[in-house]
Amino acid sequence: MNVFFVGGLGTLLLIGVPVAFALAFLAIAGMYFFNGGTFAFAQIPIISYKSLDNFTLTALPMYVLMSQVLVVTGVGTDLYEMASRWFRQFPGGLAIATVFSCTVFSAISGSSVATVITVGTVALPEMIKRGYHRRYVLGLLAAGGTLGILIPPSIPMILYGTVTGESVGKLFIAGIIPGIVLMLVFMAYSSFQMRHIREEPATWSERWEATRKSFWGLILPIIIIGGIYTGVFTPTEAAAVGVVLAFFIGIFVYRNLTMAKFKKIITETVKTNAMILFIIVGAMLLGYILTVVQIPQTVTNYAISLDVSKWVIFILINIVLLILGMFLETVSILVITLPILYPIITALGFDPIWFAIIMVINMELALISPPVGLNLFVLRGIDKKNTISEIVRGVIPYAFIMLMFIVILAFFPEIATILVEDVE
């Protein structure tokens, strides 16, 4: 039976069936063969409706809409300009500025792709012009962009909370310190790697002028995360606040939100949300039949019965996630694996909030892992001079840093959980 589902899914994906439809087709086949034939098909509309009838998921389209507004209005450009004026006098100063810009823009968009496109479009030509090695810059941008799914708000964390029932607010707060730590390590490494380049410092008037222009980009994540942490609003309400502020910035601050741009924003938002929601429905249908035939229960009982340390199972889970990350994108991995992995990690006594951060870092690795790492192809599209092989060579050191960070989190889980203790 396990061979039927694993082999079937693998075959469908290999022949090019979109992930959402592969999951749904496999679920329908499973219902037919293992759950009473065509009579089981009556469950399809019920499960599909219930999978999307979730208040937590309301935040998803709003965060996607917010990120699209911010990409179009040019907030990222001002953030990069501000960071470059504050950091360029340090060794590899523009590299530090790029990581900082990725971090802040991640915190207001929640999207890795939006971060890479926005910051990469500005930073790549500027850094190349100033003598930075293309491979180093590409690696930095690809890895820095992954902070978009660790720094809250985060779409993968919303999905994790939806599938597992964990508090999205706690998941968001848990990502703050790991995100900052990873940012600082990226900064330190990139500065060392590009230490031979150093520029004249900007004047204080230039720094404050750039800071004034990027004020709204800086204040937006503080409002969103601060509101969630203090209990002023829920993550879903925070998404609504973020959308209103994003439109306010575009209409009244930048004054560049034309009807043509608005049409583009809505189109991209609908496309992104449709893709994610279709995958969720397909995964929930598959999850239903897997539960009926008791595969998650069987896998959980088997994992618990093994006469090995729970850390051996933890390592195996991470290896599986790394392998899946080479062939599937983030949303698919989360919705496919969580119904099986979540019962295992809770049964073994691991903190599910802590594990969420571990899983999101694995998803960061998936974004820069060939052959299907999304950030690799986004950077390839920014400039045709960028080759996939050059980008991959550039991200290898950052991938190693992420792997080491997973090890550190295993030894010091408090890095992810210390702030969560104060959140209801």
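## Examining a nonpolar patch on the surface
Part 1: On the surface, Y302, L306, V308, V312, I315, L316, I319, I323, M326 and F327 cluster together to form a nonpolar patch covering roughly 910 Å² of accessible area.
Part 2: Looking at the nonpolar patch element by element, the count peaks at five residues for helix α17 (residues 310–325).
Part 3: Along the chain, Y302 turns up in helix α16 (residues 295–305).
Part 4: The class of Y302 is exposed, set by a relative accessible area of 54%.

## What about helix α12 (residues 204–213)?
Part 1: Those residues of α12 lying buried are R207, A210 and T211. Down the axis of α12, the smallest arc covering the buried residues is 100 degrees, so these residues share one side. Within α12, the exposed residues directed more than 90 degrees away from the buried face are S205, W208 and R212.
Part 2: Where α12 is buried, its residues meet α5 (75–87) and α13 (215–230).

## A closer look at the packing of aromatic side chains
Part 1: For the coordinates displayed, the defined rule picks out 21 aromatic pairs.
Part 2: Seen from their ring centres, W86 and W208 are 5.3 Å apart, and the 85 degrees between their planes marks the pair as edge-to-face. Of this pair, W86 sits in helix α5 while W208 is found in helix α12, placing the two residues 122 residues apart along the sequence.
Part 3: On the basis of relative accessible area, W86 is assigned to the partly exposed category, the value being 23%.
Part 4: Here W311 and W354 contribute two aromatic rings whose centre-to-centre distance is 6.2 Å and whose plane-to-plane angle is 80 degrees, an arrangement assigned as edge-to-face. In this pair, W311 sits in helix α17 while W354 sits in helix α19 (residues 352–367), placing the two residues 43 residues apart along the sequence.
Part 5: Classification of W311 as partly exposed rests on a relative accessible area of 34%.
Part 6: Ring pairing ties together the aromatic residues F215, W216, F248 and F252, which thus form one cluster.
Part 7: Note that R195 overlies the ring of F192, its terminal NZ or CZ placed 4.1 Å from the centroid.
Part 8: Here the basic side chain of R207 rests over the ring of W204, its NZ or CZ set 4.6 Å away from the ring centre.

## Looking at the packing of helix α18 (residues 330–347) against α19
Part 1: For the pair α18 and α19, the least separation of the axes is 11 Å and the interaxial angle reads 150 degrees. As the angle between them shows, α18 and α19 are arranged roughly antiparallel. α19 is crossed by α18, and the crossing has right-handed handedness. Each of T330, I333, L334, T337, L338, L341, Y342, I345 and T346 in α18 lies in contact with α19, whose residues at this interface are P352, F355, M359, M363, A366 and L367.

## With respect to the nonpolar core
Part 1: Ranked by internal contacts, the top residues of the largest apolar core, which has 142 residues, are Y63, M127, Y160, F355 and L409.
Part 2: Looking at this core, the element that brings in the most residues is α19, giving 13 residues.
Part 3: Apart from residues no more than four positions distant in its own chain, Y160 is found in contact with G165, E166, L171, L338, Y342, I345, P352, F355, A356 and M359.

## Some points on the pattern of salt bridges
For side chains bearing opposite charge, pairing can occur when the charged atoms are close.
Part 1: Applying the stated rule across the entire model yields seven salt bridges.
Part 2: Here E126 makes a salt bridge to R130, at a shortest N to O gap of 2.5 Å.
Part 3: Under the relative-accessibility criterion, R130 is labelled partly exposed at 29%.
Part 4: Through salt bridges that share partners, E126, K129, R130 and E199 make up one connected network.

## A closer look at unusual backbone geometry
Part 1: P153 follows P152 through a cis peptide bond whose omega is 0 degrees.
Part 2: When you line up the elements, P153 lands in the loop between α8 (134–145) and α9 (155–164).
Part 3: Even without glycine at this site, R255 takes up a positive phi of about 55 degrees.
Part 4: In this fold, R255 is placed in the loop between α14 (235–253) and α15 (259–292).
Part 5: Under the relative-accessibility criterion, R255 is labelled exposed at 69%.

## As for the side chain of R134
Part 1: Following the sequence through the fold, R134 ends up in helix α8.
Part 2: With sequence-adjacent residues up to four places away left out, R134 is seen in contact with I128, D383, K385, N386 and E390.

## Describing helix α6 (residues 93–109)
Part 1: With 17 residues, α6 extends 24 Å between its outermost C-alpha atoms, agreeing within 8% with the 24 Å of an ideal straight helix rising 1.5 Å per residue.
Part 2: In terms of burial, α6 is largely enclosed, as 16 of its 17 residues are buried.
Part 3: Phi turns positive, to about 70 degrees, at G110, one or two residues after α6.

## Topic: the environment of L140
Part 1: Its place among the elements puts L140 in helix α8.
Part 2: It is 7.7 Å that separates the C-alpha atoms of L140 and Y398, two residues lying 258 residues apart in sequence.
Part 3: Other than its neighbours up to four places away in sequence, L140 contacts A95, T98, V99, M127, S190, M194 and Y398.

## Quick look at the side chain of S101
Part 1: Note on placement: S101 falls in helix α6.
Part 2: Residues contacting S101, with those up to four places away along its chain left out, are L79, Y80, A83 and V119.

Scoring rules and cut-offs
- Residues numbered from 1 in each chain as written.
- Predicted model: local features only at pLDDT ≥ 70, side-chain atom pairs only at ≥ 80, totals over all residues.
- Heavy atoms only, no water.
- Patch = residues over 30% accessible without salt bridge, like charges linked within 9 Å, V, L, I, M, F, W, Y side chains within 5 Å.
- Areas by Shrake-Rupley, 256 points an atom, 1.4 Å probe, with all protein chains shown as cover.
- Salt bridge = Lys/Arg side-chain N within 4 Å of Asp/Glu carboxyl O.
- Helix = DSSP H or I, 4+ residues; strand = E, 2+ residues; numbered from the N terminus.
- Buried < 20%, exposed > 50% of the residue type's maximum accessible area, 1.4 Å probe, protein only.
- Arc of directions from axis to C-beta.
- Contact = heavy atoms within 4.5 Å.
- Phe/Tyr/Trp six-rings, centres within 6.5 Å; stacked < 30°, edge-to-face > 60°.
- Lys NZ or Arg CZ within 6 Å of the ring centre and 35° of its normal.
- Axes fitted to C-alpha atoms, helices over the stretch in contact; angles between N-to-C directions.
- Parallel < 35°, antiparallel > 145°, perpendicular 65-115°, else oblique.
- Left-handed = near helix turned anticlockwise from the far one by under 90°.
- Core = buried A, V, L, I, M, F, W, Y, C linked by side-chain atoms within 4.5 Å.
- Expected span 1.5 Å × (residues − 1).

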